[in-house]
Amino acid sequence: MNGGAEQQLITRTWRAIAVQTALVFAVAMVLLDGLAIELVLYTAHRDADRRVSQTLRDPDARTAPPAGIWVYVSERGVLRHSAGAPATPVDPAALRAVAAGEPGRLHQVRAGGREYLVDTRRSAAGTVQAALDLTDQEREQHRLYLGLAAAGAVGLGLAALVGAQIARRAIRPLGQALARQHRFVADASHELRTPLTQLYTRAQLIQRQYAGGAGGPHTAADIAHLVRGTRQLGDLLEELLLAAQLRTEPQHFGPVDLAAIATEAVEAEGPRAQERQVSVSTLIGPGPHTVRGTVPALRRVLTAMLDNALGHTAERGRIEVAVAKDPDGSAVACTVRDDGVGFPPEEAHLLFERFARGHHGEGRRFGLGLALVREVVHAHGGSVAATGRPGEGAAFTITLPAWRTGGPD
């Protein structure tokens, strides 16, 4: 994972923590607001029910009911009402129904644009109906809803701020740990490079001294293993150092001729290809093939792709390196195609994982080299893809942004 991908991961994690924290606060506030509203409504309804019921039970309250309550009494066809009440009952249908013998009930009705709580009962004095005007109470409840909604909106904003602050504090140690890890890899690779180079040089000198066979029949073979092992360690160290530099050092991209780098890489691998009896050819399409990048990093990419192809191509096999520009000129692609052992399509996701191993060829198809290829290409704003089948070879393609005349895009 390159530095940009790691930064994207940290950013996504920070946002996820912030959103989740804000959601937790928001849900808690909604629940508390809902509980408060339910409590207020329950208390108001219970109080209204109690006042209306008490008015019906109290004979004195029928003539002088509490404020806000109107009382109507129907006895032998004569209708009386309390002072200040309209002449027409709030719910005359309920009054007639109860007078006819139906049971009374407590319910809400709307009359004259206002809301009332009405209860109608039979009594010794006749049929009695009490009506409580709920309009002012409903308005107060609406104002309460608006107030709670405003408080909820403010609380949501505060929850988002708190969530962002908590997320920032939680993610900061992760970013610091990644930075320390990158510095360690870069420093360790840099410090180890010099002694490994010296060891490799001394091994080469010893190999030349014993080139004529002096020192015993097994000495030359042992020295050859020593030279090869030190070279492999040096290559691995260079890969680690380049990967660390891609993360920690800013890249100053410039115009790079990808076709020239591909040609140089093929020429450099010529002796090794001849030794393996593998044919390596280049196919360069119409140019220009200038991309945005850095020469050392892209040279390492092409070297790793060719090394991978040579490691999985049998004797008398063929490798082709093709460089082509997109029709619209926005990108340049380089494909390294071989007719070697290939790989199962289901293992395609493992190709660019660090130190993962496949089951074909020399086992280098899934190593640090291809993982470094992906990191370098992604750091250059490009993409990488691989296709293949067992026994039918494989093709690896990198696509990089083209360099526009006058500067980068």
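Rules and cut-offs
- For every chain, the first residue of the written sequence is number 1, and numbering continues from 1 onward in sequence order.
- Totals for whole chains, interfaces and linings use every residue, but because this is a predicted model, local features are given only for residues with pLDDT of at least 70 and side-chain atom pairs only at 80 or more, for both listing and counting.
- Side-chain calculation: all heavy atoms of the structure are included, whereas hydrogens and water are not.
- A pairing counts as a salt bridge when a side-chain nitrogen of Lys or Arg comes within 4 Å of a carboxyl oxygen of Asp or Glu.
- Here a strand is any run of E in DSSP of at least two residues, a helix any run of H or I of at least four, and the numbering for each starts at the N terminus.
- For every residue, the accessible area obtained with a 1.4 Å probe (protein chains only) is divided by the maximum for its type, and the residue is called buried under 20%, exposed over 50%, and partly exposed between those limits.
- Working rule for helices: expected span equals 1.5 Å times residues minus one.
- Only centres within 6.5 Å qualify two rings of Phe, Tyr or Trp (six-membered ring in Trp) as a pair; their planes then separate them into stacked at under 30 degrees, edge-to-face at over 60, and tilted for everything else.
- Here a strand pair is declared whenever DSSP counts at least two bridges between the two strands.
- For helices, the axis comes from a line fit to the C-alpha atoms of the stretch in contact; other axes are also lines fit to C-alpha atoms, and the angle between any two N-to-C directions lies between 0 and 180 degrees.

(A) A look at the pattern of salt bridges. Scanning the model with the defined rule gives nine salt bridges in all. Taking the shortest distance from any N to any O, the salt bridge between glutamate 264 and arginine 299 comes out at 3.9 Å. Taken together, the positions of glutamate 264 in helix H6 (residues 258–268) and arginine 299 in helix H8 (residues 295–310) put the pair 35 residues apart, joining distant regions of the chain. On the accessibility criterion, arginine 299 (37% relative accessible area) is partly exposed. As a salt-bridge pair, arginine 272 and glutamate 269 come within 3.7 Å of each other at their nearest N and O atoms. The burial state of arginine 272 is the same as that of glutamate 269; both residues are buried. Where salt bridges share partners, they join Glu269, Arg272 and Asp307 into one cluster.

(B) Highlighting H8. In this model H8 runs 22 Å from its N-terminal to its C-terminal C-alpha over 16 residues, within 8% of the 22 Å that 1.5 Å per residue would give. Within the sequence span of H8, burial applies to Ala297, Leu298, Val301, Leu302, Ala304, Met305, Leu306, Asn308, Ala309 and Leu310.

(C) Main features of the environment of leucine 158. Take leucine 158: it is sitting in helix H4 (residues 135–209). Assessed through its relative accessible area of 51%, leucine 158 is described here as exposed. Remark: the alpha-carbon pair of leucine 158 and alanine 22, spanning 136 residues in sequence, is separated by 8.5 Å.

(D) Molecular detail of the packing of aromatic side chains. Taken as a whole and assessed by the stated rule, the structure comprises two aromatic pairs. Centre to centre, the rings of tryptophan 70 and tyrosine 116 are 5.7 Å apart; their planes meet at 40°, and the pair counts as tilted. Taken as a pair, tryptophan 70 in strand E1 (residues 69–75) and tyrosine 116 in strand E4 (residues 114–123) lie far apart in primary sequence, 46 residues in all. Both rings, one in phenylalanine 343 and one in phenylalanine 396, keep their centres 6.3 Å apart while their planes meet at 45°; by these two values the pair is tilted. Separated by 53 residues along the polypeptide, phenylalanine 343 in the loop between strand E10 (331–338) and helix H9 (368–379) and phenylalanine 396 in strand E12 (residues 394–401) bring together distant segments of the chain. Residue class for phenylalanine 343 comes out buried when judged on its relative accessible area of 1%.

(E) Up close: the sheet that holds strand E3 (residues 106–111). In space, the five strands of this open sheet follow the order E2-E1-E5-E4-E3, with antiparallel pairing throughout. Either end of the sheet is taken by a strand with one partner, and the two such strands are strand E2 (78–81) and E3. Looking at each pair of strands side by side, their axes are set apart by 25° on average, direction ignored. Taken together, the six bridges between E1 and strand E5 (residues 126–133) define a ladder with antiparallel strand orientation. Within E5, the position partnered with valine 71 by the bridge is alanine 130.

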